[in-house]
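# Close look at the chain arrangement
For reference, the chains in residue letters:
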Amino acid sequence: MDGAKLKTESLSMAYSANAPYALKDISVDVAENSVMAFIGPSGCGKSTFLRCLNRMNDFVGGVRVEGRVLLDGSDIYAPEVDVTALRRKVGMVFQRPNPFPFSIRENVAYGQKLLGERNKSRLDEIVESSLSSAGLWEEVRDRLNEPAVSLSGGQQQRLCIARAIAVSPEVLLMDEPTSALDPLATARIEELVRELKKDYTVAIVTHNMQQAARISDATAFFLMGELVEAGPTTGIFTTPSDPRTEDYITGRFG
Amino acid sequence: MPKSAYGKMAASGARWSEKAPRGIVTAAALSGIWLMGFIILFLIKEGMPILSEVSILDIASGNRWYPVSSPPRYGMLPLFAGSCAVTLLSCVIAIPFGTAVALFISDVCPERAREFCKVSLEILGFLPSVVLGFLGMVVLAPWMQAKFELLSGLNMLNASFLLGVMILPTIATLSEDSLRAVSQSLRDASYALGATRFETMFKVVLPCASRGIVSAAILGMMRSVGETMVVLMASGGAALIPRFITDPVRPLTSTIAAEMGETPVGSPHYHALFFMGCLLMLFTCLLNMLVMKIESARRAK
Ligand SMILES: Nc1ncnc2c1ncn2[C@@H]1O[C@H](COP(=O)(O)OP(=O)(O)O)[C@@H](O)[C@H]1O
Ligand SMILES: [Mg+2]
């Protein structure tokens, strides 16, 4: 696939020197300004894979990563890479909404403040534009100083998206962002994800296949740490080439 | 109506073996509360008569504590100032240090070293205060005296340092608990936004645990206010308002401990000492209420 924003080449990963591989020889491309969904039964390594893409696994002592992860063609595991800069480029939204117990404004401004932005009006602009992109501005514009934990679960998750957007990432990683939300809040996030791909490249993990079908351009199916198949979403869901994919999407296991 | 009928039935139907434990626990709790009330009443009863000898104003503003001169003077200001000064200085030493130790254990040191650090802290907490006081007298005092060319190494700084060491485990252990209670998911959120380890520690973990750290600090302070042996041994014992941290002081606790044995029961001096006990109790009660308030606000969040 041409124009791959993010690409893995034979990526293998184990959580410690003598642990079995949690990921085995994964090669996928995520095209720029597209949504790619990662599906598979739980424990198959979807989160592990996603966390390799912004090097969040670095915190686990003793991980082994083999193969390459290329962002715009350059390896993010190269020794000269500044991991904090990488994580700003590759933002992440987690499974459970995890706003800081600060005000709504402070949550969104956090990343910019780390970057040294002190100018109040500049910060206000960024807070507004990020919240707007996350579809939350209208709901919270009058209560920016209220604690973020006073928001509903769905709003908190959109706040987390706004917080990630505020440092102008290029890629957004989302790890089952709707699994803790009700159907209405889920629909809101799904709509948002479709909006976001205009400006960002999105990699989203989900174990909800309808969700993958609704929002993604491409889909990758994982099983026990291996990539079974990846390709355009319509193809995966209508004419899967691997029988295991077919079994999974028709609900025969998982 | 059906509810009360059921209650009656249950009460008459309950066997002795079921009621007994409840009764014993209730009796124990009640006697504990009763004992508490009795102690407080006793303190007040023995402390208040001093107010018929001297006015509260003289006690509060009097600069001279000469309880056995004639006429006696019962000015408690220097003693009160001594208690406050020693306590505050010990907190100034122990709070930053204790918080730093807590942060180190919760967020910096490798998993394997964590238990070792916690056990070391506990051992420090087990040190009897008389041992600390002894170290202050025979090690710290001569060293300070020589190093800073002081008249005496038994002074406020010495006592505060020892108190700081004494309350450090309390502050560090309790702070560490609240730092560890900060969810890993918040740390992850911070890292994912490009924060370094230190930025995450100081901008997320520490603020999120701030209430717990404040109450840990106040609990440490409470121990420091009430501690007697260390200050008795190391503070120098001069009833003067300290002007400098190397001045000797005579806090309330060590005054009570030093003088109670030598004063006739029922004398004004005796009542004055009990009055100090009341003051100390009031002070620790206030600190305790503050902690409870912080804790309940924390739970409400
Ligand atoms: N921090 C970790 N340390 C060791 N093993 C882990 C860790 N996180 C996940 N694993 C293991 O890696 C495998 C894949 O887990 P995960 O990526 O969370 O799966 P998924 O997100 O698809 O449910 C599982 O077998 C899990 O036990
Ligand atoms: Mg997962």
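If you're wondering where the values come from, they're calculated on a predicted model, not measured in any experiment.

Another point: the interface of chain B and chain A. In this assembly, 18 residues from chain B lie in contact with 18 residues from chain A. By the criterion of area lost to chain A, the three top residues of chain B are Tyr191, Ala192 and Leu193 of chain B, representing 37% of everything that side buries. The shortest N-O distance in the salt bridge between Asp188 of chain B and Arg51 of chain A comes to 4.0 Å. Put simply, chain B and chain A have two residue pairs in polar contact (both at pLDDT 80 or more) between them.

Here we take up unusual backbone geometry. The amide bond that connects Ser70 of chain B to the next residue, Pro71 of chain B, takes the cis arrangement and shows omega of 0°. Here Pro71 of chain B is to be found in the loop between β1 (65-66) and β2 (73-74).

Residue and element names in this part refer to chain B. Chain-level pLDDT for chain B is 91 on average; 95% of the residues reach the 70-or-more range. Low pLDDT (under 50) marks residues 1-5, which in the prediction has zero contacts with non-local residues, meaning those over four places away or in another chain. Interface confidence for the predicted complex, expressed as ipTM, amounts to 0.94; the pTM equals 0.86.

Here the focus is the environment of Val182 of chain B. Residues and elements named next belong to chain B. With respect to the element layout, Val182 can be found in the loop between α8 (156-180) and α9 (184-192). Note on Val182: relative accessible area 6%, which makes it buried. Taking the C-alpha atoms as reference points, Val182 and Ala81, separated by 101 residues in sequence, lie 38 Å from one another. With near-sequence residues (within four places) excluded, Val182 lies in contact with Arg187, Val205, Cys208 and Ala209.

Right, let's get into the site of ligand 1. All names here are of chain A. As a structural note, the neighbourhood of ligand 1 is formed by Tyr15, Ser42, Gly43, Cys44, Gly45, Lys46, Ser47 and Thr48. Tyr15 has a polar side-chain atom sitting 3.2 Å from a nitrogen atom of ligand 1. Residue Lys46 places a main-chain N or O atom 2.8 Å away from an oxygen atom belonging to ligand 1. Burial of ligand 1 by the surrounding chains reaches 55%, relative to a free accessible area of 550 Å². Within the shell around ligand 1, the residues separate by chemical class into two nonpolar, five polar and one charged.

Time to look at the packing of helix α5 (residues 77-108) of chain B against helix α13 (residues 252-259) of chain B. All names here are of chain B. One way to put it is that α5 packs onto α13 with a least axis distance of 7 Å and a crossing angle of 120°. Looking at the two axes, α5 sits oblique to α13. Within the contact between the two elements, α5 uses Leu79, Phe80 and Ser83 and α13 uses Leu252, Thr253 and Thr255. Residues belonging to the contact of α5 with α13 are distributed by class as follows: three nonpolar, three polar and no charged.

All right, on to the pairing of strand β9 (residues 201-205) of chain A then. Residue and element names in this part refer to chain A. Buried residues dominate β9, accounting for five of its five residues. Alternating positions in β9 separate into two faces, Thr201, Ala203 and Val205 on one and Val202 and Ile204 on the other, with burial throughout. Bridge count between strand β8 (residues 171-175) and β9: five bridges; the pairing is parallel. Along β9, the bridge assignment pairs Val171 with Thr201. Regarding topology, helix α7 (residues 183-196) serves as the crossover connection from β8 to the parallel β9, and that connection is right-handed.

A separate point is the domain arrangement of chain B. All names here are of chain B. When cut into domains, chain B gives domain 1 (3-52) and domain 2 (58-300). Inter-centroid distance (C-alpha atoms) of domain 1 to domain 2 is 34 Å. Across the boundary between the two partners, domain 1 contributes ten residues, which contact eleven residues of domain 2. Counting the surface lost from both domain 1 and domain 2, the interface buries some 920 Å², and carbon and sulfur atoms represent 85% of this. Per-residue buried area on domain 1 facing domain 2 is highest for Leu43, Glu46 and Ile50; these three make up 62% of the total on that side.

On inspection of all chains with the given rule, the structure shows 13 aromatic pairs over all chains. Judged by centre distance (4.7 Å) and plane angle (50°), the ring pair of Phe100 of chain A and Tyr110 of chain A falls under tilted. Residue Phe100 of chain A is found in the loop between β7 (90-93) and α3 (104-114), and its partner Tyr110 of chain A is found in helix α3; the two are separated by ten residues along the sequence. Assessed through its relative accessible area of 6%, Tyr110 of chain A is described here as buried. Ring centres of Trp34 of chain B and Phe38 of chain B lie 5.9 Å apart, and the angle between their planes is 15°; on these two criteria the pair is classed as stacked. Taken together, the residues Trp34 of chain B and Phe38 of chain B, both in helix α2 (residues 16-47) and four residues apart, mark about one turn of the helix. Residue classification places Trp34 of chain B among the exposed positions, given a relative accessible area of 60%.

Quick notes on the rules
- Residues numbered from 1 in each chain as written.
- Chains lettered and ligands numbered in written order.
- Predicted model: local features only at pLDDT ≥ 70, side-chain atom pairs only at ≥ 80, totals over all residues.
- Heavy atoms only, no water.
- Contact = heavy atoms within 4.5 Å.
- Buried area = accessible area lost by both parts, 1.4 Å probe.
- Salt bridge = Lys/Arg side-chain N within 4 Å of Asp/Glu carboxyl O.
- Polar contact = N/O pair within 3.5 Å; in protein donor to acceptor, adjacent residues only side chain to side chain.
- Helix = DSSP H or I, 4+ residues; strand = E, 2+ residues; numbered from the N terminus.
- pLDDT = per-residue confidence, 0-100.
- Buried < 20%, exposed > 50% of the residue type's maximum accessible area, 1.4 Å probe, protein only.
- Near = heavy atom within 4 Å.
- Areas by Shrake-Rupley, 256 points an atom, 1.4 Å probe, with all protein chains shown as cover.
- Nonpolar A, V, L, I, M, F, W, Y, C, P; charged D, E, K, R; others polar.
- Axes fitted to C-alpha atoms, helices over the stretch in contact; angles between N-to-C directions.
- Parallel < 35°, antiparallel > 145°, perpendicular 65-115°, else oblique.
- Pairing = 2+ DSSP bridges.
- Right-handed = clockwise from strand over helix to strand, strands pointing away.
- Domains from an automatic or database assignment.
- Phe/Tyr/Trp six-rings, centres within 6.5 Å; stacked < 30°, edge-to-face > 60°.

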